[in-house]
Amino acid sequence: MLTLDGYLLARRAQFSLAVDSYDTWCLLLPRTGAFAYEVSGGNSGVARFGDLVICPPGGTLRRRMLRPTSFFHARFSTQLEPPVGCTRLPDPDRLRADLAMLDSAEGYADVVAAHVVTDLILLMLRAHRAAPGDELVRRATAYLLEYFASPDLSLADLATTLGISPGQLSRRFKAVQGISPIAYLRNLRLQKARELLTETDATLQTIAERSGYRSAFYLSRVFTHHTGHPPSHHRNVNRV
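Cut-offs applied
Residues numbered from 1 in each chain as written. Predicted model: local features only at pLDDT ≥ 70, side-chain atom pairs only at ≥ 80, totals over all residues. Heavy atoms only, no water. Helix = DSSP H or I, 4+ residues; strand = E, 2+ residues; numbered from the N terminus. Buried < 20%, exposed > 50% of the residue type's maximum accessible area, 1.4 Å probe, protein only. Contact = heavy atoms within 4.5 Å. Phe/Tyr/Trp six-rings, centres within 6.5 Å; stacked < 30°, edge-to-face > 60°. Lys NZ or Arg CZ within 6 Å of the ring centre and 35° of its normal.

Trainee: Got a minute to help me understand the environment of Arg139 in this structure?
Mentor: Take Arg139: it is sitting in helix 3 (residues 135-147). Owing to a relative accessible area of 41%, Arg139 belongs among the partly exposed residues under this scheme. For the pair Arg139 and His128, spaced 11 residues apart in sequence, the C-alpha to C-alpha distance is 18 Å. The residues touching Arg139, leaving out its near neighbours within four places in the chain, are Thr161 and Leu162.

Trainee: I'm lost on the packing of aromatic side chains in this one. Help?
Mentor: Given two aromatic rings, one states the distance between the centres and the angle between the planes to describe the pair. If you walk through the whole model with that rule in mind, you get six aromatic pairs. Geometrically, the ring pair formed by Phe173 and Tyr184 is edge-to-face, given 5.5 Å between the ring centres and 70° between the ring planes. With Phe173 in helix 5 (residues 166-177) and Tyr184 in helix 6 (residues 181-199), this pair connects stretches of sequence that are 11 residues apart. Looking at Tyr184, the relative accessible area reads 15%, which means it is buried. Among the aromatic side chains, those forming a connected cluster through ring pairs are Phe15, Phe35 and Phe71. Seen from the ring of Phe15, Arg63 lies directly overhead, with NZ or CZ sitting 5.4 Å from the centre. The ring of Tyr213 has Arg189 lying over it, and the distance from NZ or CZ to the ring centre is 5.7 Å.

Next up, the structure:
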């Protein structure tokens, strides 16, 4: 069901690499502290104890510690299909017990680590099975993915398109996705801005327009507020 390819249990002030890509599945979870993450094909946000971040084979995982953090990182192969991105695990006591086994393993650490990773993936799959399915939310998500670069896109317009009130849409969307549609839209726009800052020489105004913002000033304000640093810093640090 699952083969462990490597793991690390550590405490650090910063990750060794801010961005990495893997040939196999990988998981990353904090024991203490917190880190910001972004998974290609998944979501972005801040992970704390109880959150499990999954990156698929060939995917890219960006991570930045917000304060010194102890964490568990593992690479593995499996025939299962873990949900990509961050999932809030439903049983924190079981998670603590799994991590305690890693602390006490002597002489058979690899076997214990493989068991812990398997259990974490099963917990994650159980959490997603328990999440309510909602066709309207799937339609809303697809709409946001297609039209996020339009600066005129609003929650009210999306709700009208779907034939539901903005309040009902927000409640149903958050029940499935874990965040509001407004936050989901902002994450899509910021992810696009990060990509353009890293991969192009476009001006900040051009990046703003292609990311769904009307002005470079507003993009800079939103980007700085939600990432902790201005767009220019992101470009300087992440350009090859």
